[in-house]
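A look at the structure
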Amino acid sequence: MRAVQKAELQVPLRPEERDRGSCASLALLDRELRSRAAGRPRPPRGRWGRGALGVPRGSRLMFGLGSVSVQVVESCVAAAGYSVGEFAALVFAGALGFAEALYAVKVRAEAMQKASEAVPSGMLSVIGRREANYKFACLEARKHCESLGIENPVCQISNYLFPDSRVIAGHLQALEFLQENARKYYFTRTKMLPVSGAFHTRLMEPAVEPLAEVLKSIEIQKPLVCVYSNVDGKKYMHSKHIQKLLVKQVVSPVLWEQTMHSVYERKQGAEFPYTYEVGPGKQLGAILKKCNLKAWKQYNHVDALEDEEAAET
């Protein structure tokens, strides 16, 4: 689904762990971790993570960590995923099964697409000066929509990326108003995102029930490593907590900037962990650099799709 934002996984690791060797995909690693946690023998190694589920190459949950060692992955101390990438982080942490997570993502995507088609809406990436008041700008954009006869208009911050960068989502008329009045609100750059709806706003409420029903039918376990929620930037505590917040995330802003502060908060002088971003592109690394330069210096990127293609040639 074009409209759902890119899934990525951000994985901080202990400083003493070095990148060496190779490992299977995280789908297989997920099974191994859960088997070890339950005292069961490991499943046989092989291509299960890449082929048996019949998942298309472009799936955002296919992680081929060919260049990262098992020791590095097993030393992970925390994980976080951006928007739909939160499912990926939970699979990595052993809280969700790979196939079940894919099914939940499918239902989520279809429900969000259906909600998007009901109202002309979108998302606007904004970089502002320090004087920018995003909430006030959204308020005036909603008033503008009301003057056009739109009832209960939506215009709100949907994603907190890094200082002075936000994504605003809502009715298209509101976003057009903000673009036209960018200078008034101290916005230095605005860009419409290539998505079909106002994700992480109340315009996605029709998608809540379908996802909630699916998550009720899926076995969710306590994560084996800390996973941080987009909803509040805090660690998931237990399976019911995961179920509740994954649903709430659909209609709530992604607090990614706040999450980065939670993940990397430490005493002065303490070493920062190694961080691996898994997935195509390095957007989360760029955001991390803006949020915490010292943490970014230990950042590495693993392109899952490139690893997958290399393994098949």
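All of the points below concern the structure found in this document. Treat the numbers as computed from the prediction; the structure is a model and nothing was measured. (Residues numbered from 1 in each chain as written. Predicted model: local features only at pLDDT ≥ 70, side-chain atom pairs only at ≥ 80, totals over all residues. Heavy atoms only, no water.)

1. With respect to the sheet that holds strand S5 (residues 165-171)
Applied cut-off: For two strands to pair, DSSP has to find at least two bridges joining them. Runs of E in the DSSP output that reach at least two residues are strands. Runs of H or I that reach at least four are helices, and both are numbered from the N terminus. Contacts were defined at the residue level, with two residues in contact if any of their heavy atoms lie within 4.5 Å. Think of each axis as a best-fit line through the C-alpha atoms, taken over the contacting stretch in the case of a helix, with angles from 0 to 180 degrees between the N-to-C directions.
Read across the sheet, 5 strands follow the order S6-S3-S5-S4-S8 without closing on themselves; strand pairing throughout is mixed. Of all the strands in the sheet, just strand S6 (187-192) and strand S8 (254-255) have a single pairing partner and so form its edges. Alignment of strand S3 (residues 121-128) against S6, held across 5 bridges, turns out to be antiparallel. Counted as the bridge partner of Gly-128 is Phe-187 from S6. In the packing of helix H6 (residues 134-147) onto the sheet, contacts are made with S3, strand S4 (155-162), S5 and S6, and the angle to S4 comes to roughly 155°.

2. Focus: the pattern of salt bridges
Pairing between side chains of opposite charge can happen when their charged atoms approach one another. Applicable threshold: Just to be clear on terms, a salt bridge is a Lys or Arg side-chain nitrogen sitting within 4 Å of an Asp or Glu carboxyl oxygen. The rule is simple: take the accessible area with a 1.4 Å probe, protein chains only, and divide by the maximum for that residue type; under 20% is buried, over 50% is exposed, in between is partly exposed.
Evaluation of the coordinates by the stated rule reveals 5 salt bridges. The shortest N-O distance in the salt bridge between Glu-110 and Lys-106 comes to 2.9 Å. With a gap of 4 residues between them, Glu-110 and Lys-106 both fall in helix H5 (residues 98-118), about one helical turn apart. For Lys-106, a relative accessible area of 44% corresponds to the partly exposed category. Among the salt bridges present, the one from Glu-257 reaches Arg-166, with a minimum N-O distance of 3.2 Å. Of this pair, Glu-257 sits in helix H10 (residues 256-264) while Arg-166 sits in strand S5, and the two are 91 residues apart along the sequence. Of the residues examined, Glu-257 reaches a relative accessible area of 10% and is grouped as buried.

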